[in-house]
Every structure is written in structure tokens, then in C-alpha cells.
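Summary of the model geometry
The chain contents come next:
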Amino acid sequence: MKDQHLSPRNLIVLFIVFGMVIAVLETFVNQTSDGTLLLTLTFWTMLVQGAVSLAAVGETAKGLWLIPIKRELLCLYPLLLFMALLYLLMGMRMDIYPWTAHPNAWLNARFFIVRNFVVMMLAFWVAHLLARSVMRGDPKKNTYAVLYILLFVTSQSLVAFDWIMSLEYPWISTLFGGHFFIQSFLMGLLFSAVVIFFRTRVGVTGLTETLRDTGKMMFGFSFMWGGFLFAQYLTIWYGNIPEEVSFILKRVDPAPYWGLSRLALALIFAIPFLALLSRKLKTMPAGMLFVVLSSVVGLFIEKIILITPVVPVNPVVVGIEFFAMIVLVTLVFRTRDSFMPQLVTDPGGVGSVRAPSG
Amino acid sequence: MERYEFDDKHGFVEKLEKLVDSGVQKQRINTYTPYLVHEAEELLDASQSGVRAFTGAGAVTGLATGFAFTIYTVLSWPLITGGKPLISLPAFLVIGYELTILFGCLTALVGFFALTRMPVIVNMFSAKEEFSQKFIIEVGDEVRR
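Residues numbered from 1 in each chain as written. Chains lettered and ligands numbered in written order. Predicted model: local features only at pLDDT ≥ 70, side-chain atom pairs only at ≥ 80, totals over all residues. Heavy atoms only, no water.

1. Remarks on the overall build of chain A
As a reminder of what qualifies: Put simply, DSSP marks the helices as runs of H or I at least four residues long and the strands as runs of E at least two long, and each gets a number from the N terminus on. Radius of gyration: over C-alpha atoms. The globule rule applied is 2.2 Å multiplied by the number of residues raised to the 0.38 power. Methods summary: accessible areas were calculated by the Shrake-Rupley approach with a probe of 1.4 Å, and residue burial reflects only the protein chains presented. Residues scored as positive are Lys and Arg, those scored as negative are Asp and Glu, and His as well as the terminal groups of each chain are ignored. Charged side chains are reduced to one point each, which is NZ for Lys, CZ for Arg, CG for Asp and CD for Glu.
Along its length, chain A carries 12 helices and zero strands. Its helices and strands taken in sequence order, chain A reads α-α-α-α-α-α-α-α-α-α-α-α from the N to the C terminus. Taking 2.2 N^0.38 as the reference for a compact globule, 358 residues should give roughly 21 Å; the C-alpha atoms of chain A span a radius of gyration of 20 Å, in line with that estimate. When the accessible area of chain A is evaluated, it comes to approximately 15,000 Å², of which 72% is carbon and sulfur surface. A gap of 10 Å separates the mean positions of the 26 positive and 18 negative side-chain charges of chain A.

2. Regarding the overall build of chain B
Cut-off, in case you're wondering: Think of it in three bands: residues with accessible area under 20% of the maximum for their type are buried, residues over 50% are exposed, and the middle band is partly exposed, with areas taken using a 1.4 Å probe on protein chains only. Contacts: residue pairs with any heavy atoms within 4.5 Å of one another.
On a plain count of helices and strands, chain B comes out with four helices and three strands. Listing every helix and strand of chain B by position from the N terminus yields β-α-β-α-α-α-β. Taking 2.2 N^0.38 as the reference for a compact globule, 145 residues should give roughly 15 Å; the C-alpha atoms of chain B span a radius of gyration of 23 Å, well beyond that estimate. In terms of principal-axis extent, the alpha carbons of chain B reach across some 70 × 35 × 25 Å. Evaluated residue by residue, chain B yields a buried proportion of 27% over its 145 residues. Sequence-distant contacts, at least 24 apart, represent 78% of the contacts inside chain B between residues at least 6 apart. Put simply, chain B shows about 10,100 Å² of open surface, and 63% of that area lies on carbon and sulfur atoms.

3. Regarding a nonpolar patch on the surface
Residue and element names in this part refer to chain B. The line we're drawing: Patches draw on residues past 30% relative accessible area with no salt bridge. Two like charges within 9 Å are joined, as are two nonpolar side chains (Val, Leu, Ile, Met, Phe, Trp, Tyr) within 5 Å. Salt bridge, as used here: a side-chain nitrogen of Lys or Arg that lies within 4 Å of a carboxyl oxygen of Asp or Glu.
On the surface, Leu109, Phe112, Phe113 and Met118 cluster together into a nonpolar patch covering about 350 Å² of accessible area. If you trace the backbone, Phe113 turns up in helix 4 (residues 89-116). A relative accessible area of 33% means that Phe113 is categorised as partly exposed.

4. Topic: the interface of chain B and chain A
Test applied: Counted as a polar contact is a pair of N or O atoms within 3.5 Å, where, for protein atoms, one must be capable of donating a hydrogen and the other of accepting one, and residues adjacent in sequence contribute only when both atoms are in side chains.
Counting residues at the interface gives 14 residues for chain B, matched by 11 residues for chain A. At the junction of chain B with chain A, the criterion picks out three salt bridges. Inspection of the chain B/chain A interface yields five residue pairs in polar contact (both at pLDDT 80 or more). Elements with a contribution of two residues or more to the side of chain B that touches chain A: helix 2 (38-43) and helix 4 of chain B.

5. Side note on the sheet that holds strand 3 (residues 135-139) of chain B
All names here are of chain B. Convention followed: A pair of strands counts as paired when DSSP detects no fewer than two bridges linking them. Throughout, an axis means a line fitted to C-alpha atoms (over the contacting stretch in the case of helices), and angles, computed between N-to-C directions, take values from 0 to 180 degrees.
Here three strands make up an open sheet; going across it, the order is 1-3-2 and the pairing antiparallel. Among the strands making up the open sheet, the edge pair consists of strand 1 (2-6) and strand 2 (29-32). The mean angle between the axes of side-by-side strands here comes to 15°, regardless of whether they run parallel or antiparallel. Bridge count for strand 1 against strand 3 is five bridges, and the pairing is antiparallel. Bridge pairing in strand 3 links Glu5 to Ile136. Here helix 1 (residues 9-21) sits on the sheet and contacts strand 1, strand 2 and strand 3; the angle it forms with strand 3, its principal contact strand, is near 20°.

6. Here's the deal with the nonpolar core
Residue and element names in this part refer to chain A. What counts, and what does not: Remark: nonpolar core denotes a set of buried residues (Ala, Val, Leu, Ile, Met, Phe, Trp, Tyr, Cys) joined through side-chain atoms within 4.5 Å.
Core analysis: the biggest nonpolar cluster contains 119 residues, and Phe82, Tyr97, Tyr148 and Trp163 have the highest contact counts within it. Of the residues forming this core, the biggest block, 14 residues, is contributed by helix 2 (residues 36-60). Residues within four places of Tyr97 in sequence aside, it is in contact with Leu38, Met90, Phe112, Asp162, Trp163, Ser166 and Leu167.

7. Let's talk about unusual backbone geometry
Residue and element names in this part refer to chain A. The step from Tyr169 to Pro170 runs through a cis peptide bond, and the omega angle for that step is 15°. By the secondary structure assignment, Pro170 is in the loop between helix 6 (141-164) and helix 7 (176-201). Look at the link from Ala255 to Pro256: it is a cis peptide, with omega at 0°. Within the secondary structure, Pro256 sits in the loop between helix 9 (242-252) and helix 10 (257-275). The backbone of Asn240 shows a phi angle near 55°, a positive value even though the residue is not glycine. With respect to the secondary-structure elements, Asn240 resides in the loop between helix 8 (208-239) and helix 9. Here Asn240 falls in the partly exposed class, since its relative accessible area comes to 43%.

8. Notes on the environment of A:Leu76
Residue and element names in this part refer to chain A. You can see Leu76 is positioned in the loop between helix 3 (67-74) and helix 4 (78-87). The sequence separation of Leu76 and Ala324 amounts to 248 residues, and the corresponding C-alpha distance is 15 Å. Setting aside anything within four residues of it in sequence, one finds Leu76 in contact with Val48, Ala51, Phe191, Val329 and Val332.

9. So, the packing of aromatic side chains
For the record, the criterion: Any pair of Phe, Tyr and Trp rings, taking the six-membered ring for Trp, is counted once the centres come within 6.5 Å. Such a pair is stacked with planes under 30 degrees apart, edge-to-face with planes over 60 apart, and tilted for the rest. Each ring is checked for a lysine NZ or an arginine CZ that lies within 6 Å of its centre and within 35 degrees of its normal; such an atom marks a charge sitting over the ring.
Using the criterion set out here, one finds 31 aromatic pairs over all chains in the structure. Ring centres of A:Tyr87 and A:Trp163 lie 5.2 Å apart, and the angle between their planes is 10°; on these two criteria the pair is classed as stacked. On the criterion of sequence distance, the pair formed by A:Tyr87 in helix 4 and A:Trp163 in helix 6 is long-range, its members being 76 residues apart. With respect to class, A:Tyr87 is no different from A:Trp163; both count as buried. Taking the centre distance of 6.4 Å and the plane angle of 70° together, the rings of B:Phe6 and B:Phe12 count as edge-to-face. Exposure class is identical for B:Phe6 and B:Phe12. Each is buried. Every member of this aromatic cluster is reached through a ring pair, and the members are A:Phe219, A:Phe223, A:Phe269, A:Phe273 and B:Tyr97. A cation over a ring is seen here: A:Arg115 above A:Trp106, with NZ or CZ 3.7 Å from the ring centre.

10. Examining the packing of helix 2 of chain A against helix 3 of chain A
Residues and elements named next belong to chain A. Quick note on the threshold: Angles below 35 degrees are treated as roughly parallel, those above 145 as roughly antiparallel, those between 65 and 115 as roughly perpendicular, and all remaining angles as oblique. Should the near helix be turned anticlockwise from the far one by less than a right angle, the crossing is termed left-handed; should it be turned clockwise, right-handed. When residues are sorted by character, Ala, Val, Leu, Ile, Met, Phe, Trp, Tyr, Cys and Pro go into the nonpolar class, Asp, Glu, Lys and Arg into the charged class, and all the rest, Gly among them, into the polar class.
Axis separation between helix 2 and helix 3 bottoms out at 8 Å; the angle between their running directions is 140°. With respect to each other, helix 2 and helix 3 are oriented oblique. Like other packed secondary-structure pairs, helix 2 and helix 3 cross with a definite hand, here left-handed. Of helix 3, the residues touching helix 2 (which contributes Ala51, Val52, Leu54, Ala55 and Glu59) are Lys70, Leu73 and Leu74. A class-by-class count of the residues in the contact of helix 2 with helix 3 yields six nonpolar, no polar and two charged.

11. A closer look at the packing of helix 7 of chain A against helix 11 (residues 285-307) of chain A
Each pair of packed helices can be summarised by the angle the axes make with each other and by the distance between the axes. Residues and elements named next belong to chain A. Across the interface, helix 7 lies against helix 11 with an axial gap of 9 Å and an inter-helix angle of 150°. Of the two possible hands of crossing, helix 7 and helix 11 adopt the one that is left-handed. Between helix 7, through Phe176, His179, Phe180, Gln183, Met187, Leu190, Ala193, Val194, Phe197 and Thr200, and helix 11, the contact on the second element is made entirely by Pro285, Ala286, Met288, Leu289, Val292, Ser295, Val296, Leu299, Glu302, Lys303 and Leu306. Here the contact of helix 7 with helix 11 is composed, by residue class, of 15 nonpolar, four polar and two charged.

What is shown is where atoms sit, not what they do.
Right under this line is the structure:
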């Protein structure tokens, strides 16, 4: 199937159109369910930033296994700009945060919007430089990769501490930031498995090793996700301080969270753990897609569990916004030839091998 | 005996593919690699290592031992801590997890030595061939065991 072309100008027009659709939904349709935009932003920022971070980590670690899909991972970088612009809509949803009644030096609406927007825009700009330098074999690519990883960790930590944790201010967990960027990285791995599935379907060969290594990384990072979750849970469980345990109890005890929390644990940790023990499954694109679906649904449910006990979400609007984001990601991916140069051949440099075409 | 040496995996795998495609008996081919190369395993139809059975058995035993050990000790010396029930699985999971890894690793090592019949005491300190980071293919005159 031949990929379509879309000029960078048309891409910006596309962002404006999709941004307008979501803005209209949030302004006129969804006036009461304040958590909807937060849910969309959190989930999709994690996916997009995670995909680019995987390419950046592969670059710094000289990961040969990632070369065949590096371009596909990096091609999502324009969406970082979209997510940053979409984030500005959070300005009209600041009343979901309890600290707005008593703002302080860190938690005040203006600084909240500015710092997150600046970090997201910086992440976009560095990702743009990274994508361009990787594709051209520029020696500066390592510097950009390290810079991007730092911005990724900062941005995802802000997503955790600012966007989600401060919903329950003054509840704190210092591991929350780490838990979020590990999750985001896991989502990057899930995206790469999806890329390999579709590339294989259109006849691209030679991706078995990359899929196998992606499977190993997915196994490791779903385990790490479980480890971070348990580390936070155990500390709070041991301490048994009312203001700390209330956060957990609200999310694991009453219906429907009792079932949802256990379902999320099974989908993100137990099912991938058991499935990815198999060596054969890690070489089967369809089998890997099953694990990806399990993890993605689990991660979505986890966001529901984190957000909805505090602020409601509108299921219909969430569905429309997620559908719009799926269409946007697909369009950006399918038109990547318009804004992503091909990998250059540069013998001796990691990441300089031409990716399989197709 | 023919021997082919490669500095990188790709050349090694390509040559191995050519040898297998040209009809060389797989049982005559021996490979030495600095790390696990899945393609070589698949090309030579290598059977799955029995070490995994040792590791699995050790890991399950470790998990069971971790929980049994902690439950047995709190029941033998009942001491309520922080108002928690005596048998508190979240706390015991840490010990169970650690022993899963410990037992799994140790039994994997034992299984590896047992299945490879190592260490060989005779001629233990004599100089052996060292391939370092190279990828080696040896095509023997006889079928390997």
C-alpha cells in the first residue's frame, strides 16, 4: 500500500481542524464532565512522548534492534506540538484542581499552564531536531537524544505530579513521576509492536528480530510497571496514614473500582507476563498485537481509575476524542514521507542502515 | 574441518543460511557466538534448552518457600506490627519475590552445569581456544552429537 503525502503546512491545518473539533466538544458539548480532556491528554501524551523516547534511548544505547522501526517511532514527533497546543485548553478546566482555591508558589494556575506548555514545546522542538539529525546521520543526534530523554522524563513527571497527583492535593507519592515515565516508555514499546504488525502485513520482511526484542522489552517494562506500583502501594500500606491510604482505598475498594483495579493489574501485568514468557509468541505479530491490546486497555483503565474518583468523564466525548486521536496518529504515520527524510547510509554509524522499504 | 570467522552477526547469519541452503547437514555445523543468536538456533533447529525447566522449578519453589517461611515464622512468634493482621501478604510478597529470583538463579546455574557436564576437571587449566567477540561457524567432517 502506497503511503500518502501531506505537506507540513497541511499537517498544521490538520492539527488546527482536530484541535478545533476537540475544543468545540470541550466547550459546548462537555460542560460538566471536567476530567474528559485530562484523560485524553494524559493517555495520548504518554503514547506520543513514549514512542519518541524509545527511539532516543535506542540512539543513545546504540540499539541495533531498533533500526528498522526508528523512523516510524520518530515520525510521531509532530504530534508533540499538537498535544502541547491541545494542553492549552486545560486553562478552562483548572477548577478541577482543589489547590486553585488556595494557590501557592508552585501550584497556581498561571505557572501550572506555563511550565507544562514550555516543557512540552521544548520536547517537541528537541524531538524535531532529533528526528532530523537521526535521519541525516548528523553526529549531533546523540546530544539531541540525551536532551530529549531529559525533557521526556521532566514532562512525564509533570504529567504525574501536576496533572494527576495534584487532583488529590495534598496527597503525595514521590514515585508517581517515575511510574508515569516508565508507563510512557512501555507505551512506546507497545506502539512499536503495532508498527511491526502493520509493516509485516504490508509485506515488509526482516522484522522478526526487532519484534522479538520489542517483546523482551515489553516483558521487562510491564514487570517494572508492576514493581513501581507495588513499591508505592507497599509504602502506603505499611505507613497506614489516613490521608495517604484514602487515595488507594478510593481506587480499589468501592464499585466499580474494585473490579477495574484488578482488571487493570491483570491486563497490564499478569497477561503480558504470562504471554511473553513464550519465545514463539514474541516472533508472532498477531500474538504480540493481543498483548498490546491487553496492555493498552489496561493502561486506559488505569487512567480512568486515577482520574474519575475525583472528576467525572463523559464516555461519549472520550470516545470521540480518542477516535479523533487515532485518526490523527494514523494520518501522521501514513504521511511520514512528507516530513521525514529517509535514513541515510553512513557506514560505521549505528542507526545509519536504511530501513526496509514497503 | 572448515571454519568461518566473522566480526559481526549479520555476516555470520548470512553464511550460516548459505551453508544450510546448500545442503550441508545441520548436525555437522557447530557455532560459537559471544551472545545468544536466535537466528542460528532457528536455522540449526536447536532444541530448547533444558535449563528453563530447572529455572522454572527453582523459581516456583523459591516463591513457595518465601511465603511458607514468613507465614511459619509469624505464626511461631505472633507479634502484631502496625495493627496489621499476622499473615499480611503484601509484606510477605517481598520475601517471596526475592527467593523466587534467588532459587531460580541458583537452580539455573546448577541445571546449566548439569546439562553441559561442566566443569570438566581433567585438563581444566590447559589453554583452550578463545573466540572472544568473534562469531564462528565450524563445519565438521562428522555429525556432532
